[in-house]
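Listed below, chain by chain, are the residues.
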Amino acid sequence: MSDQERTDLRMPDEDEVFAVVTNMLGANRVKVRCMDGVERTARIPGKMQKRIWIREDDVVLIEPWDWQDEKADITWRYEKQQADQLREEGHIKEP
């Protein structure tokens, strides 16, 4: 990928983690595989519902809950091209 094609992507804050959606659970919940090695149930917040469609294999940013580490909120979804760039740069590791 040439430098002009590379875009500056939103990177995780200190409390956010990259994740890949592995399963749609319904009721605004998805199963995600996080890059810190943990499988979590993530919630799609109301402000994203109906505006941003999340599907299996999407790359997202999640924020794990402080009080329940196996659950999280989705804070951002990357477009396919952005997700490919993250994989190329080594941020997303496939199993």
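Scroll up to find the structure.
Source: prediction; values computed, not measured.

*Asks:* Tell me about the packing of aromatic side chains, residues and numbers included.
*Replies:* Taken as a whole and judged by the stated rule, the model has 2 aromatic pairs. Taken together, a centroid distance of 6.0 Å and an interplanar angle of 45° make the contact between F18 and Y78 tilted. Of this pair, F18 sits in strand 1 (residues 17–26) while Y78 sits in the loop between strand 5 (71–77) and helix 1 (80–88); the two residues are 60 residues apart in sequence, bridging distant segments of the chain. The pair F18 / Y78 is uniform in exposure class, with both members buried.

*Asks:* Can you tell me about the sheet that holds strand 4 (residues 59–64), naming the residues and giving the values?
*Replies:* Taken together, the 5 strands give a closed barrel; going around it, the order is 1-2-3-5-4, and neighbouring strands pair in mixed fashion. Between one strand and the next, the sheet's axes are offset by a mean angle of 55°, whatever the strand orientation. With 5 bridges connecting them, strand 4 and strand 5 associate as antiparallel partners. Across the sheet, residue I62 finds its bridge partner in strand 5, namely I74.

Analysis parameters
Residues numbered from 1 in each chain as written. Predicted model: local features only at pLDDT ≥ 70, side-chain atom pairs only at ≥ 80, totals over all residues. Heavy atoms only, no water. Phe/Tyr/Trp six-rings, centres within 6.5 Å; stacked < 30°, edge-to-face > 60°. Helix = DSSP H or I, 4+ residues; strand = E, 2+ residues; numbered from the N terminus. Buried < 20%, exposed > 50% of the residue type's maximum accessible area, 1.4 Å probe, protein only. Pairing = 2+ DSSP bridges. Axes fitted to C-alpha atoms, helices over the stretch in contact; angles between N-to-C directions.

Taken by themselves, the reported measurements are silent on function.
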